[in-house]
Amino acid sequence: MICPFCRHDDSRVIDSRPVEDGTQIRRRRECPQCSQRFSTQEVALLNIIKRSGATEPFSREKVLVGVRKACQGRPVNEDDLVLLAQRVEETLRATGQAEIEANEVGMAILAPLRELDEVAYLRYASVYRNFASLEDFEGEIALLRALPSNASSNSKTPSSASKTTTSSSSISGKS
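Conventions and cut-offs
- Residues numbered from 1 in each chain as written.
- Predicted model: local features only at pLDDT ≥ 70, side-chain atom pairs only at ≥ 80, totals over all residues.
- Heavy atoms only, no water.
- 1 Å grid on protein atoms, 1.4 Å probe; cavity = no way out; pocket = protein on both sides within 12 Å on 5 of 7 lines; lining within 4 Å.
- Points joined across faces, edges and corners; volume = space filled by probe spheres on them.
- Helix = DSSP H or I, 4+ residues; strand = E, 2+ residues; numbered from the N terminus.
- Nonpolar A, V, L, I, M, F, W, Y, C, P; charged D, E, K, R; others polar.
- Expected span 1.5 Å × (residues − 1).
- Buried < 20%, exposed > 50% of the residue type's maximum accessible area, 1.4 Å probe, protein only.
- Arc of directions from axis to C-beta.
- Contact = heavy atoms within 4.5 Å.
- Pairing = 2+ DSSP bridges.
- Axes fitted to C-alpha atoms, helices over the stretch in contact; angles between N-to-C directions.

Please provide a residue-by-residue account of the layout of surface pockets, values included.
Approximately 590 Å³ is the volume attributed to the second largest pocket. Sorting the residues of the lining of the second largest pocket by element identifies strand E5 (55-57), helix H1 (60-71), helix H3 (102-116) and helix H4 (118-128) as the ones contributing at least two each. Of all the elements, H1 adds the most residues to the lining of the second largest pocket, at six residues. Residue composition of the lining of the second largest pocket, grouped by class: 12 nonpolar, five polar and five charged.

Structure below.
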């Protein structure tokens, strides 16, 4: 690391500590040439490879925007969405790869979204997986029924969950 005071091309790390949910490291450094101290912050890069081949840095905000659309009109609060975006980023960083295909980001969103809200999951999956027919929806709903998520199995019985979903859908559909 170049010293910002004397431009010497080396420095010694005195202290390191994680910041920003552990995604960054703050380092306190000292220059062996002029003995001045300075701080740096290091961030592990996580780039997304888009379908076009272009790369861009991972953005939790982009995850939030997509998931908010799927959750529109659903009983999901902003804190839950922020936690979902954090879980997605943690899942992607846990792979240890610096570059991830955009397709993998979508796949990483599906599981936590299903736990959060099954209707929002269906909305997101229908766009993400390009559902083209009613059969696509029916197949996905059959999978949802066959493998109940943790959120719905812990909070409601299957029959009351479907009644609640139906009444919520009809209310939000009229407004």
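Still to come is the rest of the account.
Please provide a residue-by-residue account of H1, values included.
With 12 residues, H1 extends 16 Å from end C-alpha to end C-alpha; this agrees with the ideal 16 Å at 1.5 Å per step. Among the residues of H1, Val63, Leu64, Val67, Ala70 and Cys71 are the ones counted as buried. Burial along H1 is one-sided: seen end-on, the buried residues are contained in an arc of 125°. As for H1, its buried residues are in contact with helix H2 (78-94), H3 and H4.

Now, about the sheet that holds strand E6 (residues 99-101): what can you tell me, with residues and values included?
Here we have three strands laid out as an open sheet, ordered E5-E4-E6, and mixed in their pairing. Edge strands, defined here as strands with exactly one partner in the open sheet, are E5 and E6. On average, each strand axis in the sheet is inclined to that of its neighbour by 35°, with strand direction left out of account. Direction of pairing for strand E4 (residues 47-49) relative to E5: antiparallel, over a ladder of three bridges. Bridging from a neighbouring strand, isoleucine 49 pairs with threonine 55 of E5.

Give me the lowdown on unusual backbone geometry, citing residues and values where you can.
With phi around 70°, arginine 7 is a residue other than glycine that occupies positive phi space. Classification of arginine 7 by relative accessible area gives exposed; the value is 59%. Phi at serine 35 is positive, roughly 65°, even though this residue is not glycine. One can find serine 35 in the loop between strand E2 (24-30) and strand E3 (37-43).

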